[in-house]
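The primary structure of each chain is shown beneath.
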Amino acid sequence: MYSKEELQSGLTTHIFGKKIFTYDSIDSTNACAKTLASTGTDEGTVVIAEYQTAGRGRLGRTWQAESGSNLLFSTIIRPTLEINKVGLLPFFAAAGVALALETMTDTRCECKWPNDVLLNGKKCCGILLESSFQQNVLDYAIVGIGVNVNQKLFGEDLKDRATSLSQEYGRVFDRRKIFQQIMKSLELLYTEVKTGKFEVTLHEWKTRTKMFGKQVTLIQAGERLYGRAMSLSADGGLVLATPDGQRVCYAGDVTFAIQS
Ligand code: BTN
């Protein structure tokens, strides 16, 4: 594992990465960051690990990542947000990662609703945002980011949908540099997000998504919805024009699959 000093050396941010906790192995960096946040740890604090024994994914899934090859980290944020804007936070994280990976690879990334980042059509980053409220006010949110950096192989179930930077470009990437670039991009967007404004974030995210205007399938808790992806709602939902009318969806997996 990189030391905290190595990760911080040359880091120019003022919020993200000012405090870093490093682990060779941990259950989940999100779980650890949550414990830290609930005891008042500063925003921008990062928990990073080489390996997670119980990495958490969206929709109750697990996040599997080869040890020592990827970036697995979580950071704490405490923005001042109205409750109806909390659902926009994943777009901040996804746009931040996309901007950073573009700087490192010179390739345009795609942002896929709700919070995946794709390279050449395959997922290279997953984001899990977990929020905590006190009397209906956001206390903190944990932004958990898993970037497939140097992983060479993916399991049968994933290999058609997942990729890594190394798999796409045929070389090994410096994870420290990518980490620092993500810290920088997050901070760039966060100056606005911290005060509840999402104009830049949503602009960056929307210009990297391909689904608007297209016919999509959304699978959500076993329910399959077909419709045209129209826009994002003000609170981060996906607005779908379905044969039965407009629906706003807040979770699920979207594909361009055709109705059967
Ligand atoms: C997804 O399902 O796409 C989201 C995956 C998020 C994985 C990251 S890895 C670092 C952080 N810690 C976790 O337990 N999960 C997130």
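Residues numbered from 1 in each chain as written. Predicted model: local features only at pLDDT ≥ 70, side-chain atom pairs only at ≥ 80, totals over all residues. Heavy atoms only, no water.

A.B. asks: Where do I start with the overall build of the chain in this structure?
C.D. replies: On a plain count of helices and strands, the chain comes out with six helices and 12 strands. The C-alpha atoms of the chain give a radius of gyration of 18 Å, which matches the 18 Å a tight globule of 260 residues would have. Taken along the three principal axes of its C-alpha coordinates, the chain extends 55 × 45 × 30 Å. Relative to all contacts within the chain whose residues are 6 or more apart in sequence, the contacts with residues 24 or more apart total 63%. By element, 51% of the accessible surface of the chain is carried by carbon and sulfur atoms, the whole surface being about 12,000 Å². The chain carries 30 positive and 28 negative side-chain charges, and their two centres are separated by 3 Å. (Helix = DSSP H or I, 4+ residues; strand = E, 2+ residues; numbered from the N terminus. Rg over C-alpha atoms; globule rule 2.2 N^0.38 Å. Contact = heavy atoms within 4.5 Å. Areas by Shrake-Rupley, 256 points an atom, 1.4 Å probe, with all protein chains shown as cover. Lys, Arg positive; Asp, Glu negative; His and termini not counted. Charge placed at Lys NZ, Arg CZ, Asp CG, Glu CD.)

A.B. asks: Where do I start with the site of the ligand in this structure?
C.D. replies: Ser28, Gln52, Arg56, Arg58 and Lys123 are the nearest of the 20 residues found near the ligand. A distance of 2.7 Å separates an oxygen atom of the ligand from a polar atom in the backbone of Arg58. When each cavity is represented as a set of grid points, the ligand is found to reside in the largest pocket. The set of elements that each furnish at least two residues to the shell around the ligand consists of α2 (29-38), β3 (71-77), β6 (122-134) and β7 (137-147). Considered class by class, the residues forming the shell around the ligand number six nonpolar, 10 polar and four charged. (Near = heavy atom within 4 Å. Polar contact = N/O pair within 3.5 Å; in protein donor to acceptor, adjacent residues only side chain to side chain. 1 Å grid on protein atoms, 1.4 Å probe; cavity = no way out; pocket = protein on both sides within 12 Å on 5 of 7 lines; lining within 4 Å. Sits in = over half its atoms within 2 Å of the grid points. Nonpolar A, V, L, I, M, F, W, Y, C, P; charged D, E, K, R; others polar.)

A.B. asks: It is not clear to me how the domain arrangement of the chain should be interpreted in this structure. Could you clarify?
C.D. replies: Interfaces are often sized by the amount of accessible area the parts lose when they come together. Splitting the chain by domain gives domain 1 (4-206) and domain 2 (215-258). One C-alpha centre belongs to domain 1, the other to domain 2, and the line joining them spans 24 Å. Across the boundary between the two partners, domain 1 contributes 13 residues, which contact 13 residues of domain 2. Both faces considered, domain 1 and domain 2 share a buried interface measuring about 950 Å² in area, 60% of it formed by carbon and sulfur atoms. Across the domain 1-domain 2 interface, the total number found is two salt bridges. Between Asp253 and Arg61 there is a salt bridge whose closest N-O contact spans 2.3 Å. There are five residue pairs in polar contact (both at pLDDT 80 or more) connecting domain 1 and domain 2. Here the element with the most residues in the side of domain 1 that touches domain 2 is helix α6 (residues 199-206); it accounts for three residues. Classifying every residue of the side of domain 1 that touches domain 2 by side-chain character gives seven nonpolar, two polar and four charged. (Domains from an automatic or database assignment. Buried area = accessible area lost by both parts, 1.4 Å probe. Salt bridge = Lys/Arg side-chain N within 4 Å of Asp/Glu carboxyl O.)

A.B. asks: I tried to follow the sheet that holds strand β11 (residues 245-249) on my own but got confused; where do I start?
C.D. replies: Adjacent strands of a sheet pair through backbone hydrogen bonds, lying either parallel or antiparallel. The strand order across the open sheet formed by five strands is β11-β10-β9-β8-β12, and the pairing between neighbours is antiparallel. Across the chains shown, the open sheet's two edge strands, defined by having one partner strand only, are β11 and β12 (253-255). The mean angle between the axes of side-by-side strands here comes to 45°, regardless of whether they run parallel or antiparallel. Of the pairings in the sheet, the one linking strand β10 (residues 238-242) to β11 comprises five bridges and is antiparallel in character. Note on β11: the bridge partner recorded for Thr242 is Gly245. (Pairing = 2+ DSSP bridges. Axes fitted to C-alpha atoms, helices over the stretch in contact; angles between N-to-C directions.)

A.B. asks: Mind showing me how you'd approach the packing of aromatic side chains here?
C.D. replies: Overall, the coordinates contain six aromatic pairs when judged by the stated rule. Relative to Trp205, the ring of Phe91 has its centre 4.7 Å away and its plane inclined at 70°; by these criteria the two rings are edge-to-face. Here the residue Phe91 occupies a position in helix α3 (residues 89-105), and Trp205 occupies one in helix α6, the gap between them amounting to 114 residues. Looking at Phe91, the relative accessible area reads 1%, which means it is buried. The side chain of Arg171 reaches across the aromatic face of Phe173, ending 4.0 Å from its centre. (Phe/Tyr/Trp six-rings, centres within 6.5 Å; stacked < 30°, edge-to-face > 60°. Buried < 20%, exposed > 50% of the residue type's maximum accessible area, 1.4 Å probe, protein only. Lys NZ or Arg CZ within 6 Å of the ring centre and 35° of its normal.)

A.B. asks: Sorry, what's going on with the pairing of strand β8 (residues 215-220) here?
C.D. replies: Successive side chains on a regular strand alternate, one facing one side of the sheet and the next facing the other. Sheet topology places β8 next to strand β9 (residues 223-232); six bridges connect them, and they run antiparallel. Bridge pairing in β9 places Gln215 opposite Arg228. Count of turn residues in the β8/β9 antiparallel hairpin: two residues, of which Ala221 carries a positive phi of about 45°. Strand direction decides the pairing type here: β8 and β12, joined by three bridges, are antiparallel. Bridge pairing in β12 places Ile219 opposite Asp253.

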